[in-house]
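Residue strings, one per chain:
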Amino acid sequence: MSVENVLKSIQENNIEWVDFRFVDLAGRAHHISLPASAVDADTFVNGVAFDGSSIQGFRGIEESDMVMMPDPEATYVDPFTAHPTLNVMCDIFTPDGERYERDPRSIAVKAEAFLQESGVGTTAFFAPESEFFIFDDVRYESGTNSSSYFVDSEEASWNTNRQEEGGNLGFKVRTKGGYVPVAPVDTQQDIRSEMCRLLEEAGLSIERHHHEVATAGQAEINFRFDTLKKTADNLLAYKYIVHNTARQYGKVATFMPKPLFGDNGSGMHVHQSIFDGDSPLFYDKTGYANLSEMALHYIGGILYHAPALIALTNPSTNSFKRLVPGYEAPVNLVYSKGNRSAAVRIPVAAVTPKGCRIEFRTPDSTANPYLAFSAMLMAGLDGIKRKINPTELGYGPLDKNIYDLSDADKENIRSVPASLEEALDALAADNEFLTEGGVFTKDFLDNYINLKRDEAKAVAIRIHPHEYSLYFDC
């Protein structure tokens, strides 16, 4: 959409406020609203000022002035505000007119440009499957003398004996028993359908929605693939609409990877492919799972750099509560066709040449999508450049259920890092593939690693409630 069309849309939709948004290093959106009467063509040239020192990981107070530059191609009408509001995604610039190198969205722009300059292809397409939970109650605290959390859901397995007003109506979702049951077991058809309606209005093309494996309201909504930056924009809108629709229903949605002990966590499987114009580059009907040599090298780059990559695709301490064996977690760094126990899966059911793609199953939705998608693309491009053959490096293909293999058979299968600290160590040691073409800068990566080490330390030094069960009577 051009600036002219945005201004026309403001008039036609009787927009009262224009909400300018940007994303921080953690992937959380922030916003400043201007009266629609104050927004004109100059706003898209001069931008909107804000205080960068108040955003974690951005600038110090001595150089805090920053500018949001609106992107007329990234707008949608907010479905939740009482006063008609147009949401506009922005890039971040310095007052001197330079792109801010710590702006995650600018990294996505540079990654797309690097792909085109590499001569490999013209466009990278991404499609995340971002899972989430819908709870009825959530409470938590972390203080000097207490630490606890509590979540609840009307459909949870632990509520089969709960006394409810009018009696307990049963039909609870069993632990690990939530994959696509019909009502009345699935209580959230309508709320997911409403989320999808609003997502469609915001410009996302919805493919399907369903209940996921875990008890207590785990869900998944799939939207159609798009280019790297556009898909990251769409994921920001997706999370915003999911969070706020749940709130309108008196519930709460979370994309936390592992909010429940003993049941499946929420991942963000990321489908990806490269095209040259309209021609798919990952397809070859003579190759393994119909993959081209380029696609195999892309997989090689993903798996080779996976320990470092995971610091950006699984960037929370909670991420590694999900990445444990036994809960369909893709902890094994191998590739396979149709095998959901592998870190990289090649979908083979009902796939056309243009639909041929690879799926990296390890990421989760605590990732900043601009950073995660860019890092995956850079790892894959490095694999193509260096012709990294995943088979020669022992990454498969492995067309067996890895969870059922013997310990001896598993010995040669490399696993994901066991903690955020371990992943950050890997990123510190292996990041040259990210800095190719200046896509990620050393300053950005050093700053990111330091911030994430602080998060890991904050969790590590705190007392865990389960430690009382283990040690209080010593």
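Here, the structure is the one placed above.
Summary of the structure given here. (Residues numbered from 1 in each chain as written. Predicted model: local features only at pLDDT ≥ 70, side-chain atom pairs only at ≥ 80, totals over all residues. Heavy atoms only, no water.)

**Side note on the overall build of the chain**
- Helix and strand content of the chain: 14 helices and 17 strands.
- The C-alpha atoms of the chain give a radius of gyration of 23 Å, which matches the 23 Å a tight globule of 474 residues would have.
- Across its three principal directions, the C-alpha atoms of the chain cover 65 × 60 × 50 Å.
- Here the chain holds 474 residues, and 53% of them are scored as buried.
- Here the contacts in the chain between residues at least 6 apart in sequence split such that 68% fall between residues at least 24 apart. (Helix = DSSP H or I, 4+ residues; strand = E, 2+ residues; numbered from the N terminus. Rg over C-alpha atoms; globule rule 2.2 N^0.38 Å. Buried < 20%, exposed > 50% of the residue type's maximum accessible area, 1.4 Å probe, protein only. Contact = heavy atoms within 4.5 Å.)

**Focus on the pairing of strand 16 (residues 342-346)**
- Taken across its five residues, strand 16 has five buried, putting it largely inside the fold.
- For strand 15 (residues 332-337) and strand 16, the ladder comprises four bridges, and the chain directions are parallel. Within strand 16, the residue paired with serine 336 across the bridge is arginine 345.
- Pairing of strand 16 with strand 17 (residues 358-360), which is carried by two bridges, proceeds in the antiparallel orientation. By the bridge assignment for strand 17, valine 344 is matched with phenylalanine 360. (Pairing = 2+ DSSP bridges.)

**Quick look at the nonpolar core**
- With 119 residues, the main nonpolar core has Phe132, Tyr238, Ile274, Leu377 and Phe440 as its most contacted residues.
- Top contributing element to this core by residue count: helix 9 (residues 369-386), with 11 residues.
- Setting aside anything within four residues of it in sequence, one finds phenylalanine 440 in contact with Ile107, Leu312, Leu371, Ser374, Ala375, Leu434, Thr435 and Leu445.
- Judged by nonpolar contacts, the second largest core, of seven residues, contains Phe133, Val151, Ala156 and Ala216. (Core = buried A, V, L, I, M, F, W, Y, C linked by side-chain atoms within 4.5 Å.)

**Some thoughts on the pattern of salt bridges**
- Enumeration over the complete set of coordinates arrives at 23 salt bridges.
- Measuring nitrogen to oxygen at the nearest pair gives 2.7 Å for the salt bridge that ties glutamate 201 to arginine 197. A residue pair is termed a helical-turn pair when its members lie 3 or 4 positions apart in one helix, as glutamate 201 and arginine 197 do in helix 4 (residues 189-201) at four residues.
- Judged by relative accessible area, which is 55%, glutamate 201 ranks as exposed.
- A relative accessible area of 41% places arginine 197 in the partly exposed class.
- Two residues, aspartate 446 and lysine 442, come together in a salt bridge whose shortest N-O distance is 2.7 Å. Of this pair, aspartate 446 and lysine 442 both sit in helix 13 (residues 442-460), separated by four residues, roughly a single helical turn.
- With a relative accessible area of 34%, aspartate 446 lands in the partly exposed category.
- Residue lysine 442 is classed as exposed on the basis of its relative accessible area of 60%.
- Each of the salt bridges in this network shares a partner with another, and the network as a whole consists of Asp71, Asp91, Arg99, Arg105, Lys229 and Asp233. (Salt bridge = Lys/Arg side-chain N within 4 Å of Asp/Glu carboxyl O.)

**Structural notes on the pairing of strand 3 (residues 48-51)**
- Because side chains alternate across strand 3, one face comprises the buried residues Val48 and Phe50, and the other comprises Ala49 and Asp51, none of which is buried.
- For strand 3 and strand 4 (residues 65-77), the ladder comprises four bridges, and the chain directions are antiparallel. Paired with aspartate 51 across the strands is aspartate 65, a residue of strand 4.

**Some remarks on the packing of aromatic side chains**
- Evaluation of the coordinates by the stated rule reveals 17 aromatic pairs.
- A centroid spacing of 5.2 Å and a plane angle of 20° characterise the contact between phenylalanine 126 and phenylalanine 373, whose relative ring orientation is stacked. Here the residue phenylalanine 126 occupies a position in strand 6 (residues 123-135), and phenylalanine 373 occupies one in helix 9, the gap between them amounting to 247 residues.
- The buried category is assigned to phenylalanine 373, whose relative accessible area is 0%.
- What links up through ring pairs into an aromatic cluster is the set Phe22, Phe50, Phe58 and Tyr100. (Phe/Tyr/Trp six-rings, centres within 6.5 Å; stacked < 30°, edge-to-face > 60°.)

**Quick look at unusual backbone geometry**
- Residue proline 184 is reached from alanine 183 by a cis peptide bond, and omega for that bond is 10°.
- Turning to its location among the elements, proline 184 is positioned in the loop between strand 8 (147-152) and helix 4.
- Of note, the amide linkage connecting glycine 396 to proline 397 takes the cis form, showing an omega dihedral of 10°.
- Of note in this structure, valine 180 is not a glycine but carries a positive phi near 50°.
- Within the secondary structure, valine 180 is located in the loop between strand 8 and helix 4.
- Using a relative accessible area of 41% as the deciding quantity, one classes valine 180 as partly exposed.

**Observations regarding the side chain of glutamate 155**
- Looking at the secondary structure, you find glutamate 155 in the loop between strand 8 and helix 4.
- Look at glutamate 155: it is buried, it has no salt bridge, and the nearest opposite charge is arginine 192 at 6.5 Å.
- Side-chain polar atoms of glutamate 155 contact the side chain of threonine 187, separated by 2.8 Å.
- A distance of 2.5 Å separates polar atoms of two side chains, one belonging to glutamate 155 and the other to histidine 211.
- Those residues in contact with glutamate 155 that lie beyond four places of it in its chain are Lys172, Val173, Val185, Asp186, Thr187, Gln188, His211, Thr215, Ala216 and Gly217. (Lys, Arg positive; Asp, Glu negative; His and termini not counted. Polar contact = N/O pair within 3.5 Å; in protein donor to acceptor, adjacent residues only side chain to side chain.)

**Some points on a nonpolar patch on the surface**
- Together, Val138, Tyr140, Tyr149 and Phe261 make up a nonpolar patch on the protein surface, roughly 570 Å² of accessible area in all.
- Inspection of the secondary structure puts valine 138 in strand 7 (residues 137-142).
- When its relative accessible area of 36% is taken as the criterion, valine 138 is described as partly exposed. (Patch = residues over 30% accessible without salt bridge, like charges linked within 9 Å, V, L, I, M, F, W, Y side chains within 5 Å. Areas by Shrake-Rupley, 256 points an atom, 1.4 Å probe, with all protein chains shown as cover.)

Function cannot be read off these values alone, since they describe shape.
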